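Per-entry structural report
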Amino acid sequence: MKLKMTLANKITLIRAAMAIVMFLLMVAENKWAVIASSLLFGVAASTDWIDGRIARSTNTATPFGAIVDPFVDKVLVGAAFFAFTELSIINVPVWAVFIIILRELMVSTLRVLAALDNYVMAAERWGKFKTTVQLIALGLIFFIVDVKLLLPITGGGLKTALTFLDNLLGCLPYSITVITAVVTALSGVSYLRNNWNMLKRSWSLPVND
């Protein structure tokens with residue numbers, strides 16, 4: 001029997017590749033590379049909605065997609081936040097990024113344990129809300145970074161507009177990241193609570209009475 005990868009899974013893998021390229025551009029220490037990374041992030045983030053919709057509308061959801069799709073989302077989010085901590089033009093707290101990455105690793109571990117327990121751990125409302133908050137936060141921080149990078153090389157009315165935006169939004173990356181970390185941690189607590197019995201089974205052996 002010949003097997004064929006679904007379109008949704010192909011898009012998921014493309015998003016994984018875009019996440020890697022985005023990270024490399026962000027740490028390239030070149031303003032145009034960083035600006036390009038923000039555009040790539042926008043494209044990558046949009047594919048998360050596209051591949052899920054395709055899988056549902058064509059009834060081609062697979063176990064691979066159920067596990068790898070959220071994992072790739074975590075790679076995209078974690079790579080962007082981690083790279084932001086290296087940019088000197090904004091203040092993104094490392095401790096908050098650590099909380100975000102720690103939660104994502106924990107939930108990824110739960111998904112693997114669930115798979116070993118012969119079921120696929122479904123996405124929760126808290127998880128979907130968390131992902132939305134993360135993507136909006138990253139989009140806003142990317143926008144702020146682009147404003148700061150473009151400000152020194154512009155003039156006239158555009159420079160005035162960018163200066164206004166920088167004064168209005170320039171100090172927000174710190175608070176945006178902290179809020180995102182709080183929402184992310186709370187969603188992790190929800191996953192841990194709802195899958196506690198499965199977790200206990202994974203670390204325990206049956207006891208003969």
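This text gives an overview of the structure that appears in the document. None of these values were measured; they are calculated from a predicted model.

1. Quick word on the packing of aromatic side chains
Within the structure shown, the criterion is met by five aromatic pairs. For the pair Trp196 and Trp203, a centre-to-centre distance of 5.4 Å together with 85° between the ring planes defines the contact as edge-to-face. Residue Trp196 is classed as partly exposed on the basis of its relative accessible area, which comes to 36%. Given the relative accessible area of 52%, Trp203 is considered exposed. Every member of this aromatic cluster is reached through a ring pair, and the members are Phe41, Phe84 and Phe142.

2. A few points about the environment of Lys128
With respect to the secondary-structure elements, Lys128 resides in helix α5 (residues 125-150). For Lys128, a relative accessible area of 55% puts it in the exposed group. As for Lys128 and Leu39, which are separated by 89 residues in sequence, their C-alpha atoms are 23 Å apart.

Parameters and conventions
- Residues numbered from 1 in each chain as written.
- Predicted model: local features only at pLDDT ≥ 70, side-chain atom pairs only at ≥ 80, totals over all residues.
- Heavy atoms only, no water.
- Phe/Tyr/Trp six-rings, centres within 6.5 Å; stacked < 30°, edge-to-face > 60°.
- Buried < 20%, exposed > 50% of the residue type's maximum accessible area, 1.4 Å probe, protein only.
- Helix = DSSP H or I, 4+ residues; strand = E, 2+ residues; numbered from the N terminus.

This is a description of form; function is not addressed.
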